[in-house]
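Chain by chain, the residues:
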Amino acid sequence: RMKNGKSKIKKPPATRGSRVGLSPEAEKETPDYGRKTPIFCLHYVVPAYCITLCSDGDKLAFVKRIRQLSGMTWNEIIQADRHGFGREKIPRDVLHPQIPAHITEDVTLIALRFSGLKPMVGYQRNDVFHIVWFDRDFDLYDHD
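Residues numbered from 1 in each chain as written. Predicted model: local features only at pLDDT ≥ 70, side-chain atom pairs only at ≥ 80, totals over all residues. Heavy atoms only, no water.

Chemist: What exactly am I supposed to notice about the sheet that holds strand β4 (residues 118-125) here?
Modeler: Two pairing modes exist for strands in a sheet, parallel and antiparallel, and in both the strands are linked by backbone hydrogen bonds. Taken together, 5 strands build an open sheet; the order of strands is β1-β5-β4-β3-β2 and the sheet is mixed. In this open sheet, the two strands that pair with only one neighbour each are β1 (39-41) and β2 (87-90). Neighbouring strand axes in the sheet, compared pairwise and without regard to direction, differ in orientation by 40° on average. Where β4 meets strand β5 (residues 128-134), 6 bridges bridge the pair, whose relative direction is antiparallel. Of the residues in β5, the one forming a bridge with Arg125 is Val128. (Pairing = 2+ DSSP bridges. Helix = DSSP H or I, 4+ residues; strand = E, 2+ residues; numbered from the N terminus. Axes fitted to C-alpha atoms, helices over the stretch in contact; angles between N-to-C directions.)

What follows is the structure, encoded as structure tokens:
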């Protein structure tokens, strides 16, 4: 503070809306998640299909793969080959294990490869890929 009691630091201008710094128009926009890079969540992994049951080689391949996929947008993943860096939709009725109760009928299940052709299966919500199964033995569903 200066001698007269006034501060040299100016207060930022007041903003409208719930998020500081965004115009009201920007707050109303829905994000285009296809242009975002994926975030990976392991919270819902089924214990019988957990990454901890995979070989050390598969675990290392998983880390490398999510690092590679994290550098791509969801649109790029969708356009890539399903047996490479792309994704593949998995019909619910081909899965052998029971689908967890938190996965409702409207959720589309998808597979991304984590080690060679081995799929990690889960679902995308916004920019997050929730992994549910690591199909290390190719027994989650019938593969073609």
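Chemist: Where do I start with the pattern of salt bridges in this structure?
Modeler: Once their charged atoms are close, side chains differing in charge can pair, the charge on each being opposite to the other. By the definition in use, this model includes 6 salt bridges. When the shortest N-O distance is used, the salt bridge between Arg92 and Glu105 registers 3.6 Å. Pair noted here: Arg92 is in the loop between β2 and β3 (109-115) and Glu105 is in the loop between β2 and β3, with a separation of 13 residues, a long-range link. Under the relative-accessibility criterion, Arg92 is labelled partly exposed at 21%. Judged by its relative accessible area of 66%, Glu105 is exposed. (Salt bridge = Lys/Arg side-chain N within 4 Å of Asp/Glu carboxyl O. Buried < 20%, exposed > 50% of the residue type's maximum accessible area, 1.4 Å probe, protein only.)

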